[in-house]
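# Secondary and tertiary structure notes
Read off the chains here:
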Amino acid sequence: MDYKWQKNIQQIINRIDVCINSKNDESLTLSILAQDLGYSEYHFSRKFKEISGMQFRDYLRYRKLALSLRQLRETEDSILNIALDYGFSSNEAFTRAFKDAYGITPSEYRKKPVPVILRTIIRPFDCYLLGNTETDRRETTDDVKTYFVTIPAHKFLYIKNYESIGYWDFWQKQNLIPGQDYETICSLLNGIKGKLDDLGGNAADSSSGQIMAFINDPAGRICSWGIPLAECYGVRLPSAYSDEIPPQMFLSDIPEADYIIFEHGPFDLEKENSMVEEKIEKAMRKFDFSASGYRLDTSPGRVFYFYHDCTRFWKYIRPVTKVNLNCTCR
């Protein structure tokens, strides 16, 4: 599929969420959305199914159910009001559709919000995945901030891959593993309560709180700076987390520790993604630890996190350990 269509469908998907949340169902017809893109209903419908794997009307139904999950989980609104908010004619109709989609009733889910697969996680347009090269390749690293922090103890719930190189390759490989594909994993992680990086919001599958990471693992692939790393995707959780763990995931206790952060501020995803990546990589390569009082911690089990959000920042958080600058040991 060409770049233009990927971007068009992403705009439509974003608009669907806005219309559902604003209760503007009148704008969610196949005719109106197709007209907005300048295509026939037939052509738009065919392209939409090509991307999502389902008919447009089915996507809308599943999307409303997916968006109802957060309201069930995080509010005390009555189930009837939630049903009416998302266009269902009755509590019974909502319960029937919800159970058909997720194998559990809304009331059962509210009592125990187990991870479920949403079926509507679609990213047709993602410059990071597409490797878009429309970029101004400036060489300076002046706008990459570098600083040290101490991160409190927490837990990390994740899947990992020993063979992947980068986000795109990670999901290409994970999608070949039953139960570890992008949609399944993101849906399950979305249902986890208490994510430390969760920004909230109305998007049920916004991936908020979900991050890439790398774990120093002797069985992992040797990276460019000589450390064996396993690439991971997951969520950070409070150290007291004790709820259900999906069977295909790992849960690690991460102790309080020091980290160095390389951070770039907001950027234009379409035009600057590759340039920002190069800047941060260069800043990490050139950073001089000799006078900092720290060195990279490459001991097994240490984790470094990777945040990619063009509206906020792009940053690497790498583990370090303090060194004694006055040591005269030979």
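Along every chain, residues carry numbers that run from 1 in the direction the sequence is written. Local features are withheld for residues below a pLDDT of 70 in this predicted model, meaning they are given only at 70 or higher, and side-chain atom pairs are given and counted only at 80 or more; totals for whole chains, interfaces and linings count all residues. To get the side-chain values, take all heavy atoms of the structure and skip hydrogens and water.

### Details of the overall build of the chain
What counts as a helix is a DSSP run of H or I of at least four residues, what counts as a strand is a run of E of at least two, and both are numbered from the N terminus. A tally of helices and strands in the chain yields eleven helices and nine strands. Under the scheme applied here, a residue whose accessible area is under 20% of the maximum for its type counts as buried, over 50% as exposed, and between as partly exposed, the area being computed with a 1.4 Å probe on protein chains only. The buried share among the 330 residues of the chain stands at 48%. Any pair of residues with heavy atoms lying within 4.5 Å of one another is described as a contacting pair. At a minimum sequence separation of 6, the contacts of the chain that also span at least 24 residues come to 72%. Here, Shrake-Rupley sampling with a 1.4 Å probe gives the accessible areas, and only protein chains in the shown set may cover a residue. For the chain, the accessible surface area stands at approximately 16300 Å², while carbon and sulfur atoms represent 50% of it.

### A closer look at the pairing of strand E3 (residues 210–222)
The pairing of E3 with strand E4 (residues 228–238) spans nine bridges and is classified as antiparallel. Within E4, the position partnered with phenylalanine 214 by the bridge is glutamate 231. Between any two strands, at least two bridges found by DSSP are needed for them to pair. The pairing of E3 with strand E8 (residues 303–309) spans four bridges and is antiparallel. Across the sheet, residue phenylalanine 214 finds its bridge partner in E8, namely phenylalanine 304.

### What about the environment of arginine 110?
Within the secondary structure layout, arginine 110 lies in helix H7 (residues 106–111). Between the C-alpha atoms of arginine 110 and glutamine 71, which are 39 residues apart in sequence, the distance is 9.4 Å. Residue contacts for arginine 110: discarding those within four places in its chain leaves Gln71, Leu72, Thr75, Glu76, Asp77, Ser78, Ile79 and Ile82.

### Brief notes about the environment of leucine 67
Position of leucine 67 among the secondary structure elements: in helix H4 (residues 56–74). The class of leucine 67 is buried, set by a relative accessible area of 2%. Taking the C-alpha atoms as reference, leucine 67 lies 8.3 Å from asparagine 21; in sequence the two are 46 residues apart.

### Looking at the packing of aromatic side chains
Only Phe, Tyr and Trp rings are paired, with Trp represented by its six-membered ring, and only when their centres lie within 6.5 Å; those with planes under 30 degrees apart are stacked, over 60 edge-to-face, the remainder tilted. Enumeration according to the criterion identifies 24 aromatic pairs in this entry. Pairing phenylalanine 148 with phenylalanine 287 gives two aromatic rings, centres 6.2 Å apart and planes at 65°, and the pair type is edge-to-face. Taken as a pair, phenylalanine 148 in strand E1 (residues 144–151) and phenylalanine 287 in the loop between helix H11 (269–286) and strand E7 (294–296) lie far apart in primary sequence, 139 residues in all. Owing to a relative accessible area of 29%, phenylalanine 148 belongs among the partly exposed residues under this scheme. When the centroid spacing of 5.4 Å and the interplanar angle of 80° are considered together, the rings of phenylalanine 156 and tyrosine 305 count as edge-to-face. Of this pair, phenylalanine 156 sits in strand E2 (residues 154–161) while tyrosine 305 sits in strand E8; the two residues are 149 residues apart in sequence, bridging distant segments of the chain.

### Topic: the packing of H4 against helix H6 (residues 91–102)
Relative orientation and spacing of two packed helices are given, respectively, by the angle between their axes and the distance between those axes. Comment: axis = line fitted to C-alpha atoms, over the contacting stretch for helices; angle = value between 0 and 180 degrees taken between N-to-C directions. Running from N to C, H4 and H6 point in directions that differ by 100°, and their axes come no closer than 11 Å. As summarised for this structure, H4 and H6 are arranged roughly perpendicular, according to the angle between their axes. Contacts from Tyr62, Leu65, Ala66, Ser68, Leu69 and Leu72 in H4 reach Phe94, Ala97, Phe98, Ala101 and Tyr102 in H6. Note on residue classes: Ala, Val, Leu, Ile, Met, Phe, Trp, Tyr, Cys and Pro are nonpolar, Asp, Glu, Lys and Arg are charged, and everything else, Gly too, is polar. The residue inventory of the contact of H4 with H6, partitioned by class, reads ten nonpolar, one polar and no charged. Between 65 and 115 degrees an angle is taken as roughly perpendicular, under 35 as roughly parallel, over 145 as roughly antiparallel, and anywhere else as oblique.

### Quick word on the nonpolar core
Looking at soluble globular proteins, one finds that nonpolar side chains tend to be buried together. Here, nonpolar core means buried Ala, Val, Leu, Ile, Met, Phe, Trp, Tyr and Cys residues that are tied together by side-chain atoms lying within 4.5 Å of each other. In this structure, Trp171, Tyr233 and Ile280 are the most contacted members of the largest nonpolar core, which totals 38 residues. Ranked by residues supplied to this core, first place goes to H11 with six residues. Contacts of tryptophan 171, omitting those with residues within four sequence positions, involve Ile159, Gln180, Asp181, Tyr182, Ile185 and Tyr233. One finds Leu28, Leu33, Leu37 and Phe44 within the second-largest nonpolar core, a separate group that totals 34 residues.

### Digging into the environment of lysine 322
Turning to its location among the elements, lysine 322 is positioned in strand E9 (residues 313–322). It is 4.3 Å that separates the C-alpha atoms of lysine 322 and tyrosine 294, two residues lying 28 residues apart in sequence. Leave out the neighbours within four places in its chain, and lysine 322 touches Asp258, Gly293 and Tyr294.

### Observations concerning the pattern of salt bridges
The term salt bridge refers to a side-chain nitrogen of Lys or Arg lying within 4 Å of a carboxyl oxygen of Asp or Glu. With the rule as written, the count across this model stands at nine salt bridges. Residue lysine 145 pairs with glutamate 263 through a salt bridge whose shortest N-O separation is 4.0 Å. Of the two residues, lysine 145 is situated in strand E1 and glutamate 263 in strand E6 (residues 257–264); the sequence distance between them amounts to 118 residues. For glutamate 263, a relative accessible area of 10% gives the class buried. A salt bridge links arginine 312 to aspartate 309; its shortest N-O distance comes to 3.7 Å.

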